[in-house]
Amino acid sequence: MEQHRNRVRVDEYPLLDGARHPFAVICPGGGYAKVSDPLEGEDFARQLNAAGFAAFVVHYSVEEAARFPAPLEDLAAAVKDILSRAKELGVDPAGYSVWGASAGGHLAALFASEAQGWKKRGLPRPGALVLCYPVVTMEEPLTHAGSRLRLLGPDPDPALTAATSAEQLVTPAWPPTFLWWGEADAAVPPANSQMLLAAMKSAGVVCGHESWPGVGHGVGLGEGLPCAGWPQRAMDFWRRAVL
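Fair warning: this is a prediction, and the values are worked out from it, not measured in the lab.

**Overview of unusual backbone geometry**
Following Phe68, the chain continues to Pro69 via a peptide bond in cis, the omega torsion being 10°. For Pro69, the location among the structural elements is in the loop between strand E4 (54-59) and helix H2 (70-84). Of note, the amide linkage connecting Glu140 to Pro141 takes the cis form, showing an omega dihedral of 5°. Relative to the helices and strands, Pro141 resides in the loop between strand E6 (128-132) and helix H5 (145-152). Positive phi is not limited to glycine here, since Ser102 has a value of about 55°. Its location among the elements puts Ser102 in the loop between strand E5 (97-101) and helix H4 (103-112). Backbone geometry at Asp155 places phi at a positive 50°, although glycine is not the residue there.

Take a look at the structure:
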């Protein structure tokens, strides 16, 4: 798929075996400065494929093209395209999941919200959300400064900051969410995940969560670390919540 002004790429990992497979849309991190693929893109997709899921990695707008809402428009366009080609791609349009790591987790969380994401853009709600050490808030002092700067620009209007802080967008319609983070994350304060978890619990959202002492930021699959095996646990959560 190739999309409008920023020539956004979606790397496709379908399972073309004649069956219809559940699918995941993946938003790698990178602070809205880059897309961290393969670490948080292809590596996740291969794990999903091995478990019988189709996967799609979105290379959304970054750097000077990352001003809100461009990355969100890119993600929505990718989901719309996949759904429109469901038969060709061998995917089941029901109960799809959206995965995001770091700044990609922020993007995935915005898409999960009614106010900014799926409902506003006329798309079906994701069946599940998987967030890995996500950026959540755009509010200082707990935001990731680089992500905020590239997404919102310098000195953003407080209303825009609030409207792009995921913890302020959670409603009972938020998808079931698997959330994990490292307690030794020096890049994105763990308080980001903690405040999102609190908001989901307050709204009655089904959620699974894990936090890991000694685990930092940007660890991808986490092989060799205490968090290793999280993709399987996330997929099990998705199955239980939706499938």
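**Some remarks on the UniProt feature "domain: Alpha/beta hydrolase fold-3" (unreviewed entry) in the protein chain**
Under the present numbering, the feature "domain: Alpha/beta hydrolase fold-3" (unreviewed entry) in UniProt falls on residues 29-218. Between the end C-alpha atoms of residues 29-218 the distance is 8 Å, and the span holds 34% helix and 15% strand.

**Topic: the packing of H2 against H4**
At a minimum axis separation of 10 Å, H2 and H4 run at an interaxial angle of 65°. The angle between H2 and H4 falls in the class roughly perpendicular. Here H2 runs over H4; the crossing is right-handed. Residues Pro71, Leu72, Leu75, Ala76 and Val79 of H2 form the contact with H4, whose participating residues are Leu107, Ala108, Leu110 and Phe111. Looking at side-chain class alone, the contact of H2 with H4 contains 9 nonpolar, no polar and no charged residues.

**Things to note about the nonpolar core**
Counting 52 residues, the largest nonpolar core has Phe111 and Trp174 as its most contacted members. With 7 residues, the top contributor of residues to this core is H4. If near-sequence neighbours (up to four positions away) are discounted, Trp174 is found in contact with Ala109, Ala112, Ser113, Arg125, Leu129, Ala166, Leu169, Leu196, Met200 and Val205. The next biggest cluster of nonpolar side chains, apart from the first, holds 26 residues, and it includes Ala101, Ala128, Phe178 and Cys227.

What counts and what doesn't
- Residues numbered from 1 in each chain as written.
- Predicted model: local features only at pLDDT ≥ 70, side-chain atom pairs only at ≥ 80, totals over all residues.
- Heavy atoms only, no water.
- Helix = DSSP H or I, 4+ residues; strand = E, 2+ residues; numbered from the N terminus.
- UniProt positions renumbered as here; feature names shortened; annotations may be inferred.
- Axes fitted to C-alpha atoms, helices over the stretch in contact; angles between N-to-C directions.
- Parallel < 35°, antiparallel > 145°, perpendicular 65-115°, else oblique.
- Left-handed = near helix turned anticlockwise from the far one by under 90°.
- Contact = heavy atoms within 4.5 Å.
- Nonpolar A, V, L, I, M, F, W, Y, C, P; charged D, E, K, R; others polar.
- Core = buried A, V, L, I, M, F, W, Y, C linked by side-chain atoms within 4.5 Å.
- Buried < 20%, exposed > 50% of the residue type's maximum accessible area, 1.4 Å probe, protein only.

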